[in-house]
Amino acid sequence: MSETSTVFPREPRWEGDGTHRIPFLTYTSEELYKRELERFFYKDHWCYVGLEAEVPNPGDYKRTVVGERSVIMVRDADGTISVVENVCAHRGMRFCRERHGNRKDFVCPYHQWSYTLKGDLQGVPFRRGVKQDGQVHGGMPADFNTADHGLTKLKVATRGGVVFASFDHEVEPIEDYLGPTILGYFDRLFNGRKLKILGYNRQRIPGNWKLMQENIKDPYHPGLLHTWFVTFGLWRADNKSQLRMDDRHRHAAMISTRGQAGKAEHVTQVSSFKESMQLNDASFLDIVPEPWWGGPTAVMTTIFPSVILQQQVNSVSTRHIQPNGHGSFDFVWTHFGFDDDTEEMTQRRLRQANLFGPAGFVSADDGEVIEFSQQGFESKPFYRTVAELGGREVENTEHMVTETLIRGMYHYWRNVMEA
Ligand SMILES: [Fe+2]
């Protein structure tokens, strides 16, 4: 590809049918980004909104997003979970400002229109006008019907304590959306036990949202970028491992089992490995295997387009991708445990959570490489990346030395975006 081709192309130029060369433009075009919002976040897809344990009691709510749209996940008096759009039916205001709270109804402060927790309009001040000098003045038209002016209601799916929502009421069932293979890994983590929220991390990463999906579909980098992982034996290129995708290649799971091979320097050429380094506090790696793991010590699952499910030894979290523009997204980590965890296990999960999040021993660098990749893309959007490790095909594998999951995601992307 020539360096002098159109500097600012409008449509990505792919090389043939493959996705082993990814145009920089897929990360830099605001126009493509708007199309992604429409096709991936607002139609045909399920997006993660939260965990049921975040809203345990009737009236509890959490404000979050689907794509760029503000939504509220709320538990009604009858215990069911609704998701409604945070846009008043009157003048379009984002009426809910708090991140979390408990309410009997929602009231927009602008003109005090009030809604039930399910989003039905129940009160309009001065709907019948005011009486002056024996006459009624103003008010809404006689045919104004509150039933026509509720909040936008999203379709909701809950499974294993996880809540997904969609603006598209025709979307397929969540089980079909995930497909049997990814559903198996989903159910491994969320197997019906009650969840316990341990805390949040939030960060804004100045890069395209897809880069975070790709980061967790990329088993090439952890053993190279994350020196901490390598030095302390949590991730090695020769770990016993598997990569699995759904039939449409949009979701994926990276499954690995640590500690089955010799010392790192015998099998890798990783310059960052330092045998002399020791942890001052060994309790960071006080790993206790849990029965539900069923073998693997780490399973990282990407659910397209909005969430990553993390199990790294005893640390478990969801990581919510919240795009805001083609070159930026918020990344919200919800660290959790299980209701039947001992206090010791809760403390262990919290300690191990230090590996992750915006300042995590193995995650701060992910945010940085995404930022610096975006900088490269913006400077020459006619160019492309190379994702040819492990060949040019898309396939499930029994090893980690491949970029096949990234190629798979872009096959799906091309199908949906260019249809
Ligand atoms: Fe990483």
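Residues numbered from 1 in each chain as written. Predicted model: local features only at pLDDT ≥ 70, side-chain atom pairs only at ≥ 80, totals over all residues. Heavy atoms only, no water.

Per an unreviewed UniProt entry, the protein goes by the name Aromatic ring-hydroxylating dioxygenase subunit alpha and belongs to Cupriavidus basilensis. Per UniProt, the protein has the following entry under Sequence similarities (unreviewed entry): "Belongs to the bacterial ring-hydroxylating dioxygenase alpha subunit family." (UniProt positions renumbered as here; feature names shortened; annotations may be inferred.)

A. The overall build of the protein, seen in detail. Within the protein one finds 10 helices and 21 strands. The C-alpha atoms of the protein give a radius of gyration of 24 Å, which matches the 22 Å a tight globule of 419 residues would have. Oriented by its inertia axes, the alpha-carbon framework of the protein measures out at about 95 × 60 × 35 Å. Partitioning the contacts of the protein with sequence separation of at least 6, the portion at a separation of at least 24 is 65%. Surface exposure of the protein reaches about 18,500 Å², of which carbon and sulfur atoms provide 48%. Between the mean site of the 49 positive side-chain charges and the mean site of the 55 negative ones, the protein shows a separation of 2 Å. (Helix = DSSP H or I, 4+ residues; strand = E, 2+ residues; numbered from the N terminus. Rg over C-alpha atoms; globule rule 2.2 N^0.38 Å. Contact = heavy atoms within 4.5 Å. Areas by Shrake-Rupley, 256 points an atom, 1.4 Å probe, with all protein chains shown as cover. Lys, Arg positive; Asp, Glu negative; His and termini not counted. Charge placed at Lys NZ, Arg CZ, Asp CG, Glu CD.)

B. Region of the structure containing the coordination of the iron ion. Coordination sphere of the iron ion, protein contribution only: H221 (NE2), H226 (NE2), D366 (OD) and D366 (OD), at 2.0 to 2.5 Å. Between the four donor atoms coordinating the iron ion, the angles at the centre fall across 56 to 147°, so the site counts as irregular. As a motif over one chain, the donors of the iron ion read H-x4-H-x139-D. A residue pair is termed long-range when its members are at least 10 positions apart, and H221 in the loop between helix 4 (210-215) and helix 5 (222-225) and D366 in helix 9 (residues 364-379) qualify at 145 residues. Like H221, the residue D366 is buried in the burial classification. (Donors = N, O, S within 2.8 Å, 3.2 Å for Na, K, Ca; no water. Tetrahedral: all angles 85-135°; square planar, octahedral: opposite > 155°, others 65-115°. Buried < 20%, exposed > 50% of the residue type's maximum accessible area, 1.4 Å probe, protein only.)

C. Spatial organisation of the environment of G179. Checked against the element boundaries, G179 lands in helix 3 (residues 174-189). Owing to a relative accessible area of 12%, G179 belongs among the buried residues under this scheme. With 68 residues separating them along the chain, G179 and D247 place their C-alpha atoms 7.2 Å apart.

D. Structural detail: the packing of aromatic side chains. Summed over all chains, the structure comprises 30 aromatic pairs. Ring centres of F336 and F338 lie 6.0 Å apart, and the angle between their planes is 90°; this geometry places the pair in the edge-to-face category. Judged by relative accessible area, which is 0%, F338 ranks as buried. Clustering of aromatic rings is evident, with ring pairs tying together W14, F24, Y27, F377, F382, Y383, Y410 and W413. Here R193 stacks its cationic end above the ring of F338, 3.5 Å away from the centre of that ring. Above the plane of the ring of Y383 lies K380, whose end atom (NZ or CZ) is 4.1 Å from the centre. (Phe/Tyr/Trp six-rings, centres within 6.5 Å; stacked < 30°, edge-to-face > 60°. Lys NZ or Arg CZ within 6 Å of the ring centre and 35° of its normal.)

E. Here's a closer look at the side chain of T257. Tracing the sequence through the fold places T257 in strand 16 (residues 252-257). If we skip the residues at most four places from it in the chain, T257 touches N239, K240, G295, P296 and T297.

F. Quick look at the UniProt feature "domain: Rieske" (unreviewed entry) in the protein. Mapped onto the present numbering, the UniProt feature "domain: Rieske" (unreviewed entry) falls on residues 46-165. Helix makes up 0% of residues 46-165 and strand 41%. Its end C-alpha atoms lie 6 Å apart.

G. Structural context of helix 2 (residues 30-41). Between its first and last C-alpha, helix 2 extends 15 Å over 12 residues, near the 16 Å set by a 1.5 Å rise per residue. For helix 2, the full list of buried residues reads L32, Y33, E36, L37, F40 and F41. Summarising the axial view, the buried residues of helix 2 lie within an arc of 150°, below the 170-degree limit, and thus occupy one face. (Expected span 1.5 Å × (residues − 1). Arc of directions from axis to C-beta.)

H. Quick look at the sheet that holds strand 6 (residues 100-102). One open sheet accounts for four strands, arranged 5-4-3-6; its pairing is antiparallel. Lying at the two open borders of the sheet, with one neighbouring strand each, are strand 5 (81-85) and strand 6. On average, each strand axis in the sheet is inclined to that of its neighbour by 30°, with strand direction left out of account. (Pairing = 2+ DSSP bridges. Axes fitted to C-alpha atoms, helices over the stretch in contact; angles between N-to-C directions.)

I. Region of the structure containing the nonpolar core. Counting residues in hydrophobic clusters, the biggest one holds 89 residues, and the most contacted among them are F40, F164 and F190. Excluding residues within four positions of it along the chain, F190 makes contact with L51, G160, V162, L195, L309, T318 and F336. Core analysis: the second largest hydrophobic core is formed by 16 residues, F106, Y115, L117 and F144 among them. (Core = buried A, V, L, I, M, F, W, Y, C linked by side-chain atoms within 4.5 Å.)

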